[in-house]
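Fold and geometry: a report
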Amino acid sequence: MGYRSLAVLISRYPRFIILCWVFVIGMSAVWAWKLPGIVQDHGLNLNQGDAHAVELILEKEFQVPADPVILLFEKKTGTSPAEFRGWIKDRLQQVSKLSGVTSIISPLEARGSRMLLGDVAYALLEFNVPPHKMGPPLEQLRSMLTTDGPGTIRITGKSVVQQDVNRLSFRDLERAEVVGLPLAFVILCFAFRGIYAALIAVVMGVSGVITAMGVTSLMGYHLALSNFVINVIPMVGMALSIDFALIILSRYREELQRGQNSEATGSGDEEVLQRMLRTAGRAVFFSVACVLLGLLGLLWIRLPMFLSVSLGAIVVLVISVLLNITLLPAILSLYSVRIFRQHSRNPISSKQGQHQQSLPSRSIWSFWSGMIMKRPIRMALLGTGALLLFVLPVTRLEIAIPDASSLPDRMESRQATEQIQSIFGQKNVSAVEIVIGGTGEPLTTYHWRMALSKMQELQQDSNVVAVESAWGIMVPDKLSGQAQAQTHIKSQMNIPSPSMREALKETQSQQPAWLRSYVSDHSIRVVATIYGAPGSDEAASWLEQMRAKDIANSMSFIPLRYGGEAVMQHEIMQEVSGQLPKVLVFVVVSNYLVLLAAFRSLLIPIKAILMNLLSLAASFGVLVLVFNQGHLGMEPSAIAIMIPVFIAGLVFGISMDYGVFMLTRIQEVYRRTGDSDLAVQQGLASTGRLITSAAAILLAVTIPFAFADVAGVKQLGIGITAAVFIDVTIIRLVLVPALMKLMGRWNWWLPGHRE
């Protein structure tokens, strides 16, 4: 559908369009409120990886809970050890009656003996409830354990942490809306010098977010949604929808004034709509294409988080543009006189209407554009130097997988997790689960031979702290000698599988329950404790070396898999770093083609993309200064691995958004006058206020997220804020006009294209 056809449709059926959107928004509002209960965990899970496969095998064959709820017991002063143990036993018996509890690993049992140390103990609870639906069971558990006693109980675990993250994320969203919406409204009132236009722009933003959250809630019944969508959709939707409304309202007002003061009569609403859609509408379409391609690039990364966040942002982007090119023009066609009443009372002359672009000549933007055009080399050098100050810290960027530390330190789940790690865990080591088999086939001599080879390899590895296995439990002294261990394990290989139960009955040194923790009918489990914390370079290097050796030595028909927290983090890091080059190539090439089609220039797209990449690198430098190095009162911490990727995908498109608006106006003047310098100066002067207002709106929406309780949301808010501020100030107002002045007519050069 062309601009003319769309304008005709809107001008003829405005009330029908408004009623349709009211119905859609109303229905979406019903589903939007359900979104916090539909989202799941953070979504940093590689379902195709070995760590996930090992987790499933351990849960199915060795009864190791994949996502247990942890109860941390701490003895009060004056309580005897016997009283403490009896109290733990009573509490766990009470918990076992809770609906949904399928198994309990108690610190008082033989297999949980390592879970009791002095005055502190912990127990593991397994629920037959999906982690994202653990809210009601956890509330029942908390109410059951609130009674006083000889000790205290705190609850933690991955599902508990995720419930806290979801709850705080929704609270962060509510707080951001309370602060951001009034700020955006004030900025819009200043931009339009009127209340009605500002109110309509805010309504467009709120409607876009509500509709998108409703649609995303329906999507949640068919795919796993990351809890990040709760914050990403409002952040992106409010910013883009209000920005689109700002651009369209400003251009409509301009075209309305031009039509009212034109010497040619007969300039009706339909013609005004058509001119607005042909100019501002076209700019919005191309900017939406840039943002959309940036979000589509995230789909290369095969993690549920990136899939759900990308789809959520795409939904709110598409809905925002549909609202602003259908509902907003329909409202304008009916009520434009009332909306722009204060402007229509002060008509401008015909001569002034012909030179609308020159109106800002007495404004600060005209003065600024003139200063840039007079000193392009000096301003380009100053802008580049300022950017480099922020880019340099990027070399010290430190990223990590988010965990309980992403919560505020006042949260019970974080406190309990850190206490368990400090008391029961070892520093700078990782437990790696090694599973041989697991295909459903009975164990054979080949499985045992592979287990023997892996045990020997681990014993000789200086990076291995300890090894736990069935043989280690039965005959721990024999593990001290390689020849003895080999003889002992070889003797087990002659036991006729598949009847592992008979083999377990023949053992004399341990109870069968212990052995079943390491050997099942289909798998052999070995636990290796290695040097290096999960996520460290040391642990990653060890895993890569092991897998390289396995490829050379292992039997191809018997799978050998590695699992555990260290492996999971390593696989996620590998997935993101491995797919990131594809994302960048796709986003850069596709955006170049869109800009090439928009401006018919070979060099302008290259310059625009380079400027965007510089602003992104500078925003990453700000994250390093604030979070990695702990400036501005922040606690030094690693940046969540998804944050730089999200910022790159979102901000790259949003920055193109501003660039397209400014370059579109510059191109209009250039086509009319043929003077590149005049086009740059007038384009900057006429769009300076508009771009800064749009950026101020985005900052008003994102800055409140910088004060969020969840670390990832805070990092995303500060990162987007820094990127947009740098882009609007240094990039759009300094570097872009200075470089376009230096390039002159080469800005518009395209082989085979005539001016």
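Below, the structure is looked at part by part. (Residues numbered from 1 in each chain as written. Predicted model: local features only at pLDDT ≥ 70, side-chain atom pairs only at ≥ 80, totals over all residues. Heavy atoms only, no water.)

**Topic: the packing of helix H23 (residues 565-599) against helix H24 (residues 603-628)**
- Between H23 and H24, the shortest axis-to-axis distance is 8 Å and the interhelical angle comes to 135°. With respect to H24, the element H23 is oriented oblique. Read as a crossing pair, H23 and H24 show a hand that is right-handed. For the pair H23 and H24, the contacting residues are Val588, Asn591, Tyr592, Leu595, Leu596 and Phe599 in the first and Ile604, Pro605, Ile606, Ala608 and Ile609 in the second.
- Among the residues forming the contact of H23 with H24, the class breakdown is ten nonpolar, one polar and no charged. (Axes fitted to C-alpha atoms, helices over the stretch in contact; angles between N-to-C directions. Helix = DSSP H or I, 4+ residues; strand = E, 2+ residues; numbered from the N terminus. Parallel < 35°, antiparallel > 145°, perpendicular 65-115°, else oblique. Left-handed = near helix turned anticlockwise from the far one by under 90°. Contact = heavy atoms within 4.5 Å. Nonpolar A, V, L, I, M, F, W, Y, C, P; charged D, E, K, R; others polar.)

**Section: the packing of helix H2 (residues 14-32) against helix H8 (residues 195-219)**
- Between H2 and H8, whose axes approach to 7 Å, the crossing angle comes to 55°. Looking at the two axes, H2 sits oblique to H8. Of the two elements, H2 crosses H8, and the hand of that crossing is left-handed. In this structure, H2 uses Val24, Ile25, Ser28, Ala29, Trp31 and Ala32 to contact H8, whose residues at the interface are Ser207, Ile210, Thr211, Met213, Gly214, Ser217 and Leu218.

**Side note on the sheet that holds strand E9 (residues 523-531)**
- As summarised here, the arrangement of the four strands in space is E8-E9-E7-E10, forming an open sheet in which the pairing is antiparallel. Here the strands that pair on one side only, and so sit at the sheet edges, are strand E8 (464-468) and strand E10 (560-563). Direction aside, the axes of adjacent strands within the sheet are offset by 25° on average.
- Of the pairings in the sheet, the one linking strand E7 (residues 429-437) to E10 comprises four bridges and is antiparallel in character. Within E10, the position partnered with Ile434 by the bridge is Tyr562.
- Docked against the sheet, helix H4 (residues 50-61) engages E7, E9 and E10, running at close to 95° with respect to E10. (Pairing = 2+ DSSP bridges.)

**Comments concerning H23**
- Look at H23: 49 Å from first C-alpha to last across 35 residues, which is about the 51 Å you get at 1.5 Å a residue.
- Maximal helix bending in H23 amounts to about 35°, located at Leu580; proline Pro581 follows within four positions.
- Looking one or two residues past H23, Arg600 carries a phi angle of roughly 50°, positive in sign. (Expected span 1.5 Å × (residues − 1). Bend = angle between axes of the 7 residues up to and from the residue.)

**With respect to the packing of aromatic side chains**
- Under the defined criterion, the tally for this structure stands at nine aromatic pairs.
- With a centroid separation of 4.9 Å and an interplanar angle of 80°, the aromatic rings of Tyr122 and Phe424 are classed as edge-to-face. Taken together, the residues span a long stretch of sequence, with Tyr122 in strand E4 (residues 120-127) and Phe424 in helix H16 (residues 412-424) at a distance of 302 residues.
- In this structure an aromatic cluster arises from ring pairing among Phe73, Phe84 and Trp87.
- The ring centre of Trp31 lies 4.1 Å from the NZ or CZ of Lys34, which sits over that ring.
- If you follow Arg525 out to its NZ or CZ, it ends over the ring of Tyr518, 5.5 Å from the centre. (Phe/Tyr/Trp six-rings, centres within 6.5 Å; stacked < 30°, edge-to-face > 60°. Lys NZ or Arg CZ within 6 Å of the ring centre and 35° of its normal.)

**Side note on the environment of Gly674**
- Within the secondary structure layout, Gly674 lies in the loop between helix H25 (642-673) and helix H26 (676-702).
- Between the C-alpha atoms of Gly674 and Arg745, which are 71 residues apart in sequence, the distance is 9.0 Å.
- Setting aside residues no more than four positions away along its own chain, Gly674 makes contact with Val669 and Arg745.

**Quick word on helix H27 (residues 711-743)**
- Along H27, the sharpest kink reaches roughly 45°, centred on Ile731.
- Across the 33 residues that make up H27, a large majority, 25, are buried.
- In the segment just after H27, Gly744 is the residue with positive phi, at about 60°. (Buried < 20%, exposed > 50% of the residue type's maximum accessible area, 1.4 Å probe, protein only.)

**Some thoughts on the pattern of salt bridges**
- Under the definition given, this model contains 23 salt bridges.
- Between Asp172 and Arg175 there is a salt bridge whose closest N-O contact spans 2.9 Å. Of the two residues, Asp172 and Arg175 are both situated in helix H7 (residues 158-192); the distance of three residues between them amounts to about one turn of the helix.
- A residue is classified by how much of its surface remains accessible, and Arg175, at 37% relative accessible area, is partly exposed. (Salt bridge = Lys/Arg side-chain N within 4 Å of Asp/Glu carboxyl O.)

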